[in-house]
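Chain by chain, the residues run as shown.
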There are 2 protein chains.
Amino acid sequence: MPTTQQNQPIRVAILGAGGLGKGMAEFIPHRPDFQLVAIADRSGFAFNAAGLDVQQISQLTQVIEYPGAVASDEAILELLQAEGENIDAIFKALPNIPVGFCAQTIEAIVEKTSFRGVIVDALKRTRAVEQLLPLSGQLKEKGILYITGAGATPGFLTTAAAVAAQSFIEVLSVNIYFGVGISNWEAYKATIREDLLHLEGFNAEKVAKMTDAEIQAELDARDGLLELTQMEHADDVILELAGICSRDRVTVGGLVDTRNAKKPVSTTVTVTGRTLGGAVGSHQFVVSDETTMVDNVCGPALGFMLRGVELYRQGKYGVITSADIMPRYQIQVRQSAASNPLTQKIPTLV
Amino acid sequence: MPTTQQNQPIRVAILGAGGLGKGMAEFIPHRPDFQLVAIADRSGFAFNAAGLDVQQISQLTQVIEYPGAVASDEAILELLQAEGENIDAIFKALPNIPVGFCAQTIEAIVEKTSFRGVIVDALKRTRAVEQLLPLSGQLKEKGILYITGAGATPGFLTTAAAVAAQSFIEVLSVNIYFGVGISNWEAYKATIREDLLHLEGFNAEKVAKMTDAEIQAELDARDGLLELTQMEHADDVILELAGICSRDRVTVGGLVDTRNAKKPVSTTVTVTGRTLGGAVGSHQFVVSDETTMVDNVCGPALGFMLRGVELYRQGKYGVITSADIMPRYQIQVRQSAASNPLTQKIPTLV
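Definitions and cut-offs
Numbering of residues starts from 1 in every chain and runs along the sequence as written. Chain A is the first chain written and ligand 1 is the first ligand written, with later ones labelled in order. A pLDDT threshold of at least 70 governs which residues receive local features in this predicted model, and a stricter bar of 80 or more applies before side-chain atom pairs are shown or counted, although totals over entire chains, interfaces and linings include all residues. Calculation of side-chain values draws on the structure's entire complement of heavy atoms; hydrogens and water are dropped beforehand. Whether a residue is buried, partly exposed or exposed follows from its accessible area with a 1.4 Å probe, protein chains only, as a fraction of its type maximum: under 20%, in between, or over 50%, in that order. Numbering goes from the N terminus for both helices and strands, where a helix is a DSSP run of H or I of at least four residues and a strand is a run of E of at least two. When checking whether two residues touch, look at their non-hydrogen atoms; a contact exists if any pair is within 4.5 Å. For Phe, Tyr and Trp, rings pair up if their centres lie within 6.5 Å, where Trp contributes its six-membered ring, and each pair is then called stacked (planes under 30 degrees apart), edge-to-face (over 60) or tilted (otherwise). Charges are assigned to positions over rings by a cutoff of 6 Å between ring centre and Lys NZ or Arg CZ, combined with an angular limit of 35 degrees from the ring normal. Axis definition: a line fit to C-alpha positions, over the contact stretch in the case of helices; interaxial angles, taken between N-to-C directions, run 0 to 180 degrees. Here roughly perpendicular refers to angles of 65 to 115 degrees, roughly parallel to angles under 35, roughly antiparallel to angles over 145, and oblique to all remaining angles. Throughout, a crossing is termed right-handed when the near helix is turned clockwise from the far one, and left-handed when it is turned anticlockwise from it by less than a right angle. Polar here means any residue other than Ala, Val, Leu, Ile, Met, Phe, Trp, Tyr, Cys and Pro, which are nonpolar, and Asp, Glu, Lys and Arg, which are charged; Gly is therefore polar. Following DSSP output, two strands are said to pair if at least two bridges run between them. The term buried area refers to how much accessible surface (probe radius 1.4 Å) is lost by two components on association, counted for both of them together. In what follows, salt bridge is the name for a side-chain nitrogen of Lys or Arg lying within 4 Å of a carboxyl oxygen of Asp or Glu. For the purposes of these results, a polar contact is taken to be a pair of N or O atoms within 3.5 Å, where, inside protein, one atom must be able to donate a hydrogen and its partner to accept one; residues adjacent in sequence count only when each atom of the pair is a side-chain atom. The set of buried Ala, Val, Leu, Ile, Met, Phe, Trp, Tyr and Cys residues whose side-chain atoms join them within 4.5 Å is what this entry labels a nonpolar core. Domain start and end points were adopted from an automatic or database domain assignment.

A.B. asks: Just to check I follow, could you spell out helix 3 (residues 75-83) of chain A for this structure?
C.D. replies: Because an α-helix packs 3.6 residues into every turn, residues spaced three or four apart end up facing the same way. Those residues of helix 3 of chain A that fall on the buried side of the exposure criterion are A75, I76, L77, L79, L80 and E83 of chain A. Looking at the buried positions of helix 3 of chain A, the neighbouring elements they touch are strand 1 (10-15), strand 2 (34-41), strand 3 (44-47), strand 4 (89-92) and helix 4 (101-112) of chain A.

Below is the structure:
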């Protein structure tokens, strides 16, 4: 739990060793406040209080291949039972399917493990987020601050929308349209399986039964492109809870190219509102084509985590959403901040 | 001071009755959490616990023209001496010149008045913000939470930049370039006088001595256009304090048309950074041409104020910057939130 000194790094565990989990392992060394100490998925877990080898993790196909990793049917719970007190914060990149899976995992963590601290999830689906909200009381009692929807969308882009909304006296619509380029879909199997759910003629049951070869055939039939509309993304419930607008005014769609790392279209967030003077206008946030899904999920998730640890140290527990807090950043070169007398003077909310 | 019930409106005083002060008076009725109870500038103050008439205020040329307003050499202090306990939050739209003026006013408020609560400023200049930072201790003791740089830039756009930065492992530059259209410069005299300081051959002393007619002649010589570069805007110190990048990587410029309400160029925030993969890319936030300076200052300022009151009720005092917190919004139609069971369930940070 994050009762460590503020000059100690925040000890992070990653739950889920897919594309995002591995991406997070690579991201962490670039943010000086964090240290990766554990990674877990269904196949097993690896823990090292002195820090895990990030390069090794990014090359793993199974966590149990990591030296010293423990295999277990319930590896995530086993990790948090054994080492919960040696972990300050968790990045949860587990599948959204079935939608109750995340909430069940969290209930089990509360009931069966010794972990207390900050949990940040990169959940996408509205129902997955909704199922977490009622757990707020249990999480508060346990001493966990849970930040939901803290990846890219919801998360990064939702927060940008929440800022953009401020100019208007009424927010008429929020449209998130993303472009995603993936050079090799097999590195993001779970994500692609979730994307398929948004296509006509697919549902959770059908996708769960499809083999990887069948998914590959489906992608081939579409030239590798998946156009997703009216997606169930939790940006809607999060913006509603944040007071920005009712959820029916929020739409999320996008175009995924599963064969090219280059994005087929730039990702945009368009916030349209009515002004004090009665005009209707749109602010637009355009995401750099040079940034990847890992950049836009993992960077912001660490920003939410850093702010979350500040709040945790002030005694905030329970469930909040990404749109409730400003993600926090810390420049690499601490020297620069340390040598700046102003940085010493200003009190932060910590 | 904000010890009122959470279902009571936040009682706001506006300090400064120029274009922004009056704009704020018009904005407040559109945000259900606020009630305007006072306005003050050098010429006098008006206070009404039951709320001021916003339409009347927007038409005033001097505060003392408001029915029942009190004229005074030190009207701002007199207001806060007489009614400080009946005000929850202050929006400060006082001139940045001289740069010490704002800090002096705040010291006087701390020492000589009964006000305790939240203060939000729309300061622009780096040195004006820097002079406030050392007052944090006094403000904390007094029981005041002061949010500095909470207008458009710094404020709205700085916060957008702080969100955008999250994707990168290093932020290389933040460039804010604004377009401003003002149909009638006389409604923004103080702002235009400040803008003149950024032009070659001008300084504070010179501008202070210029008559309105001389300013008009200067504007005429430039076809009403002021191109501003390398502006001293506090976005730099605020982004440095927020850990985003060192201040020398932040530049602010813009083009002001003092004869047309239409913006001569769209306002943009461009955040350029290095990604995990080693690429350099830019996220860009493009502000709607349909929004005015009042929209982008006053709307966000109320968002910061609303979040500030939440934090104040938790016992947070002292100086923070706009980039430390997520501005908070509340949809007009409270009905919609009230009828949504989720809104009842989720705990906020309040």
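A.B. asks: I keep staring at the environment of T159 of chain B and nothing clicks. Help me out?
C.D. replies: Structurally, the position occupied by T159 of chain B is in helix 7 (residues 156-164). Counting along the chain gives 83 residues from T159 of chain B to A242 of chain B, while the straight-line C-alpha distance between them is 9.9 Å.

A.B. asks: I'm lost on the packing of aromatic side chains in this one. Help?
C.D. replies: In this description, a pair of aromatic rings is defined by centroid distance and the angle of the planes. Under the criterion given, the structure shown has four aromatic pairs over all chains. Pairing Y312 of chain B with Y317 of chain B gives two aromatic rings, centres 5.2 Å apart and planes at 65°, and the pair type is edge-to-face. In this structure Y312 of chain B comes out as buried when scored by relative accessible area, which is 5%. The ring of F202 of chain A is capped by K206 of chain A, whose NZ or CZ atom sits 4.4 Å from the centre of that ring.

A.B. asks: Looking at this model, I keep getting lost on unusual backbone geometry. Mind explaining?
C.D. replies: Among all residues except glycine, the phi angle is most often negative; among peptide bonds, the trans geometry is most common. Residues and elements named next belong to chain A. The step from T153 to P154 runs through a cis peptide bond, and the omega angle for that step is 5°. Positionally, P154 belongs in the loop between strand 6 (145-148) and helix 7 (156-164). Even without being glycine, D223 reaches a positive phi, approximately 55°. You can see D223 is positioned in the loop between helix 10 (212-221) and strand 8 (225-228). A residue is classified by how much of its surface remains accessible, and D223, at 56% relative accessible area, is exposed.

A.B. asks: Just to check I follow, could you spell out the packing of helix 8 (residues 189-196) of chain B against helix 10 (residues 212-221) of chain B for this structure?
C.D. replies: Two measures define how a pair of helices packs: the angle their axes make with one another and the distance between the axes. Residues and elements named next belong to chain B. Relative orientation of the contacting elements helix 8 and helix 10 amounts to 60°, with a least axis distance of 12 Å. When the interaxial angle is binned, helix 8 and helix 10 end up oblique. Note that helix 8 runs across helix 10; the crossing there is left-handed. Contact residues: helix 8 offers K189, I192, R193 and L196, while helix 10 offers D212, I215, E218 and L219. Tallied by class, residues from the contact of helix 8 with helix 10 come to four nonpolar, no polar and four charged.

A.B. asks: How should the pairing of strand 8 (residues 225-228) of chain B be read in this particular structure?
C.D. replies: Put simply, side chains in a regular strand alternate between the two faces of the sheet. Residues and elements named next belong to chain B. Only one face of strand 8 is buried: it carries L226 and L228, and the other face, with L225 and E227, is open. Strand direction decides the pairing type here: strand 8 and strand 9 (residues 250-257), joined by four bridges, are antiparallel. Paired with L226 across the strands is V256, a residue of strand 9.

A.B. asks: I would appreciate a short explanation of the environment of L225 of chain B in the present structure.
C.D. replies: All names here are of chain B. Relative to the helices and strands, L225 is located in strand 8. In the structure, L225 is positioned 44 residues away from G181 in sequence and 9.4 Å away in space, judged by C-alpha atoms. Residues in contact with L225, not counting those within four places in the same chain, are V256 and D257.

A.B. asks: What is the right way to read the sheet that holds strand 8 of chain B from this model?
C.D. replies: Paired through backbone hydrogen bonds, the strands of a sheet run either parallel or antiparallel to each other. Here ten strands make up an open sheet; going across it, the order is 8(A)-9(A)-7(A)-10(A)-11(A)-11(B)-10(B)-7(B)-9(B)-8(B) and the pairing mixed. If you trace the sheet from one side to the other, it starts and ends with strand 8 of chain A together with strand 8 of chain B, each paired once. Across the sheet, the mean angle from the axis of one strand to that of its neighbour is 10°, orientation sign disregarded. Two strands pair when backbone bridges link them, and strand 7 (residues 170-181) of chain B and strand 10 (residues 268-274) of chain B are joined in this way by seven bridges, in the antiparallel orientation. Paired with E170 of chain B across the two strands is R274 of chain B, which belongs to strand 10 of chain B.

A.B. asks: So what exactly am I meant to see when it comes to the sheet that holds strand 3 (residues 44-47) of chain B here?
C.D. replies: All names here are of chain B. Pairing is mixed across the open sheet formed by seven strands, whose spatial order is 3-2-1-4-5-6-12. Of all strands in the sheet, those with a lone pairing partner are strand 3 and strand 12 (318-321), marking the two edges. Averaged over all pairs of adjacent strands, the angle between strand axes in this sheet comes to 20°, irrespective of strand direction. For strand 6 (residues 145-148) and strand 12, the ladder comprises four bridges, and the chain directions are parallel.

A.B. asks: Explanation requested: the interface of chain B and chain A in the structure shown.
C.D. replies: Buried accessible area, meaning the area lost when the parts come together, often serves as the stated size of an interface. If you look at the interface, chain B gives 75 residues, while chain A gives 75 residues. For the pair chain B and chain A, the two sides together bury roughly 6,300 Å², of which 64% comes from carbon and sulfur. Taken together, the connections running from chain B to chain A amount to zero salt bridges. Remark: the boundary between chain B and chain A carries 22 residue pairs in polar contact (both at pLDDT 80 or more).

A.B. asks: What is the right way to look at the nonpolar core in this model?
C.D. replies: Side chains of a nonpolar character, in soluble globular proteins, are inclined to be buried together. One finds I106 and V174 of chain A together with F91, I106 and V174 of chain B to be the most contacted residues of the largest nonpolar core, which totals 246 residues. Those residues in contact with F91 of chain B that lie beyond four places of it in its chain are V12, A13, I14, L15, L20, M24, V120, A122, V297, A301 and M305 of chain B.

A.B. asks: It is not clear to me how helix 8 of chain B should be interpreted in this structure. Could you clarify?
C.D. replies: Residues and elements named next belong to chain B. Helix 8 sits mainly inside the fold: six of its eight residues count as buried. When we look at burial in helix 8, the residues that qualify are T191, I192, R193, E194, D195 and L196. Its buried side turned inward, helix 8 meets helix 9 (204-209), helix 10, strand 8, strand 9 and helix 12 (293-313).

A.B. asks: Can you walk me through the pattern of salt bridges in this structure?
C.D. replies: Opposite charge on two side chains lets them pair, provided their charged atoms get close. All names here are of chain A. Evaluation of the coordinates by the stated rule reveals 32 salt bridges over all chains. With a shortest N-O distance of 2.9 Å, D88 and R11 are connected by a salt bridge. With D88 in the loop between helix 3 and strand 4 and R11 in strand 1, this residue pair connects regions lying 77 residues apart in the sequence. In this structure, E232 engages R125 in a salt bridge whose closest nitrogen and oxygen atoms are separated by 3.1 Å. Of this pair, E232 sits in the loop between strand 8 and helix 11 (235-241) while R125 sits in the loop between strand 5 (118-121) and helix 5 (126-132), and the two are 107 residues apart along the sequence. Among the residues examined, E232 registers a relative accessible area of 18% and is labelled buried.

A.B. asks: I keep staring at the environment of I147 of chain B and nothing clicks. Help me out?
C.D. replies: Residue and element names in this part refer to chain B. Topologically, I147 is positioned in strand 6. Taking the C-alpha atoms as reference, I147 lies 27 Å from D53; in sequence the two are 94 residues apart. Excluding residues within four positions of it along the chain, I147 makes contact with V118, I119, V120, D121, F304, G308, I320, T321, S322 and I325.

A.B. asks: Looking at this model, I keep getting lost on the domain arrangement of chain A. Mind explaining?
C.D. replies: All names here are of chain A. When the domains of chain A are assigned, the result is domain 1 (10-153 + 295-343) and domain 2 (164-289). Distance from the C-alpha centre of domain 1 to the C-alpha centre of domain 2: 23 Å. Every contact between the two is made by 20 residues of domain 1 and, on the other side, 23 residues of domain 2. For the domain 1 and domain 2 pair, buried surface summed over both sides reaches about 1,700 Å², with 57% attributable to carbon and sulfur atoms. Considering only the surface of domain 1 that becomes buried against domain 2, K124, T126 and T153 emerge as the three largest contributors, covering 36% of it. Where domain 1 packs against domain 2, one counts five salt bridges. Of the charged contacts, one joins R247 and E130 as a salt bridge, the two residues approaching to 2.7 Å between their closest N and O atoms. Elements supplying a minimum of two residues to the side of domain 1 that touches domain 2: helix 1 (19-27) and helix 5. Examining the composition of the side of domain 1 that touches domain 2, we find that four residues originate from one element, helix 5, more than from any other.

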